[in-house]
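Residues per chain are reported as follows:
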There are 2 protein chains.
Amino acid sequence: MRLPKLSKLELQIMEALWSGGPLAIREIQETFPQKGRPAYTTVQTMVYRLEIKKALRRMRKIGNAHIFEPLISRDAAQRRLVDDFLGMFGGRMQPVMAQLIEAGNLTSKDVADAEKLLRDLSKSKKEP
Amino acid sequence: MRLPKLSKLELQIMEALWSGGPLAIREIQETFPQKGRPAYTTVQTMVYRLEIKKALRRMRKIGNAHIFEPLISRDAAQRRLVDDFLGMFGGRMQPVMAQLIEAGNLTSKDVADAEKLLRDLSKSKKEP
DNA sequence: TAGCATCTATTACAGTTGTAGGTGGAACGG
DNA sequence: CCGTTCCACCTACAACTGTAATAGATGCTA
């Protein structure tokens, strides 16, 4: 898999690495809120699985602890996530947007930002 | 579970019921494109599981075949889907929108529709 | 250097999802 | 009535996900 599918927990672990630089397992674990924080070995298992999926790798060692770094970018992972998500709606955007708005998840600012981004994109296509 | 989590295949089955009215298992199966159509018993298994999840129910019988109808609305199911999806992004809309747009999944029409919907919603809140 | 703390590595297990085979009974066509 | 077809039901199973325990290695501290 060039772009492995990541589960929610796996995503959270990757997020720690994306935003916190190379980390040891203990450090990753501690990025979770105390309340409901998974056990050290749970994080460990997930990290090992992410390693098998080639989503991250052991970068170096400090003491006897391995330090991990991401191998896939946040953007790539999120792209994959969005694609899968759209697949669930048969690729039709309309119900997705409607749902986002009705659920109150989408504010006018979000829409304005989207508009601007769209404009910028189409501009850069026309005038490269 | 008031709003059970539905997987992709389960969604597709519900979709058949939502858009095609009450159906028998064979009919549901035949809504899948020939290419890659799941086996009859595969659909059957999923339908039974959806029954357990109270997402659908046996409505009546024709011959010896059961006819199923949805118990949860498309809207409710999609809402749940969207919520879970946002959960993966930590609830932050911005990267989601950016991803949708950059992937070219979001057209200006989609954004325009979104705008209109937003306007309509805020209006109906102000003037109920 | 002895011991405690910390990691690594291995193993286990339950729930969900997708996939489907087998067995037996019901219905329909002649 | 009899065979063929279709369906219901049960069972199985592998991959993936979340959860964690256990055992053994290693390193730091007194």
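Residues numbered from 1 in each chain as written. Chains lettered and ligands numbered in written order. Predicted model: local features only at pLDDT ≥ 70, side-chain atom pairs only at ≥ 80, totals over all residues. Heavy atoms only, no water.

(A) View of the protein's contact with DNA strand C. Around DNA strand C, 23 residues are found, and the nearest of them are Tyr40 and His66 of chain A together with Ser7, Thr45 and Lys53 of chain B. At the protein interface, 56% of the atoms of DNA strand C within 4 Å belong to sugar or phosphate. Taking Gln44 of chain A, its side chain carries an N or O atom lying 3.0 Å from a base nitrogen of DNA strand C. Within the side chain of Ser7 of chain B, one N or O atom sits 2.3 Å away from a phosphate oxygen of DNA strand C. Mapped by element, the contributors of at least two residues to the surface near DNA strand C are helix 2 (25-30), helix 3 (40-52) and strand 3 (65-70) of chain A together with helix 1 (8-20) and helix 3 (40-52) of chain B. By residue number, the principal contributor to the surface near DNA strand C is helix 3 of chain B, which donates 5 residues. Residues that form the surface near DNA strand C fall into these classes: 7 nonpolar, 9 polar and 7 charged. (Near = heavy atom within 4 Å. Polar contact = N/O pair within 3.5 Å; in protein donor to acceptor, adjacent residues only side chain to side chain. Helix = DSSP H or I, 4+ residues; strand = E, 2+ residues; numbered from the N terminus. Nonpolar A, V, L, I, M, F, W, Y, C, P; charged D, E, K, R; others polar.)

(B) Looking closely at the packing of helix 4 (residues 74-88) of chain A against helix 4 (residues 74-88) of chain B. Viewed as axis vectors pointing N to C, helix 4 of chain A and helix 4 of chain B meet at an angle of 175°, and their least axial separation amounts to 11 Å. Between helix 4 of chain A and helix 4 of chain B, the angle is such that the two are roughly antiparallel. Between helix 4 of chain A, through Leu81, Val82, Phe85 and Met88 of chain A, and helix 4 of chain B, the contact on the second element is made entirely by Leu81, Val82, Phe85 and Met88 of chain B. (Axes fitted to C-alpha atoms, helices over the stretch in contact; angles between N-to-C directions. Parallel < 35°, antiparallel > 145°, perpendicular 65-115°, else oblique. Contact = heavy atoms within 4.5 Å.)

(C) Just the protein's contact with DNA strand D, in detail. The immediate surroundings of DNA strand D are formed by 24 residues, with Ser7 and Thr45 of chain A together with Tyr40, Arg58 and His66 of chain B found nearest. Per the 4 Å cut-off to the protein, sugar and phosphate atoms form 56% of the nearby atoms of DNA strand D. At 3.2 Å, a side-chain N or O of Lys5 of chain A approaches a phosphate oxygen of DNA strand D. At a separation of 3.5 Å, a phosphate oxygen of DNA strand D approaches a polar side-chain atom of Tyr48 of chain B. For the surface near DNA strand D, the secondary-structure elements that each account for two or more residues are helix 1 (8-20) and helix 3 of chain A together with helix 2 (25-30), helix 3 and strand 3 (65-70) of chain B. At 5 residues, helix 3 of chain A tops the list of elements feeding residues into the surface near DNA strand D. Per-class residue counts for the surface near DNA strand D are 8 nonpolar, 9 polar and 7 charged.

(D) Representation of the pattern of salt bridges. Residues and elements named next belong to chain A. Scanning all chains against the criterion turns up 14 salt bridges over all chains. Between Arg58 and Glu51 there is a salt bridge; the shortest N-O distance is 2.5 Å. A relative accessible area of 35% means that Arg58 is categorised as partly exposed. (Salt bridge = Lys/Arg side-chain N within 4 Å of Asp/Glu carboxyl O. Buried < 20%, exposed > 50% of the residue type's maximum accessible area, 1.4 Å probe, protein only.)

(E) Region of interest: the interface of chain A and chain B. Contacts between the two partners involve 33 residues from chain A and, on the opposite side, 33 residues from chain B. Note on chain A versus chain B: buried area summed over both sides is about 3400 Å², and carbon and sulfur give 75% of it. Linking chain A to chain B there are 0 residue pairs in polar contact (both at pLDDT 80 or more). Of all the secondary structure elements, the ones that give two or more residues to the side of chain A that touches chain B are helix 4, helix 5 (93-102) and helix 6 (108-126) of chain A. Take the side of chain A that touches chain B: its biggest share by element is 10 residues, from helix 4 of chain A. (Buried area = accessible area lost by both parts, 1.4 Å probe.)

(F) Main features of the side chain of Gln99 of chain B. With respect to the helices, strands and loops of the structure, Gln99 of chain B is situated in helix 5 (residues 93-102). We classify Gln99 of chain B as buried; its relative accessible area is 3%. Among residues more than four places away in sequence, those in contact with Gln99 of chain B are Asp75, Gln78, Arg79 and Val82 of chain A.

(G) Structural view of the domain arrangement of chain A. All names here are of chain A. We note that the domain assignment places domain 1 (1-91) and domain 2 (92-128) within chain A. Using only C-alpha atoms to locate each centre, domain 1 and domain 2 end up separated by 28 Å. Listed as interface residues are 5 residues of domain 1 and, on the opposing side, 4 residues of domain 2. In this assembly, domain 1 packs against domain 2 so that about 420 Å² is buried in total across both faces, 66% of it on carbon and sulfur atoms. Sorting the residues of domain 1 by area buried against domain 2 places Leu86, Phe89 and Gly91 first, and these three jointly supply 81% of that buried surface. (Domains from an automatic or database assignment.)

(H) Fine view of the sheet that holds strand 2 (residues 56-62) of chain B. Residues and elements named next belong to chain B. Here we have 3 strands laid out as an open sheet, ordered 1-3-2, and antiparallel in their pairing. Strands with a single pairing partner mark the edges of an open sheet, and in this sheet they are strand 1 (23-24) and strand 2. Pairing geometry for strand 1 and strand 3, over 2 bridges, is antiparallel. The partner of Ala24 across the bridge, within strand 3, is Ile67. On top of the sheet, helix 1 reaches strand 1, strand 2 and strand 3; it is set at about 85° to strand 3, its chief contact. Across the face of the sheet, helix 3 comes into contact with strand 2 and strand 3 while running at roughly 120° to strand 2. (Pairing = 2+ DSSP bridges.)

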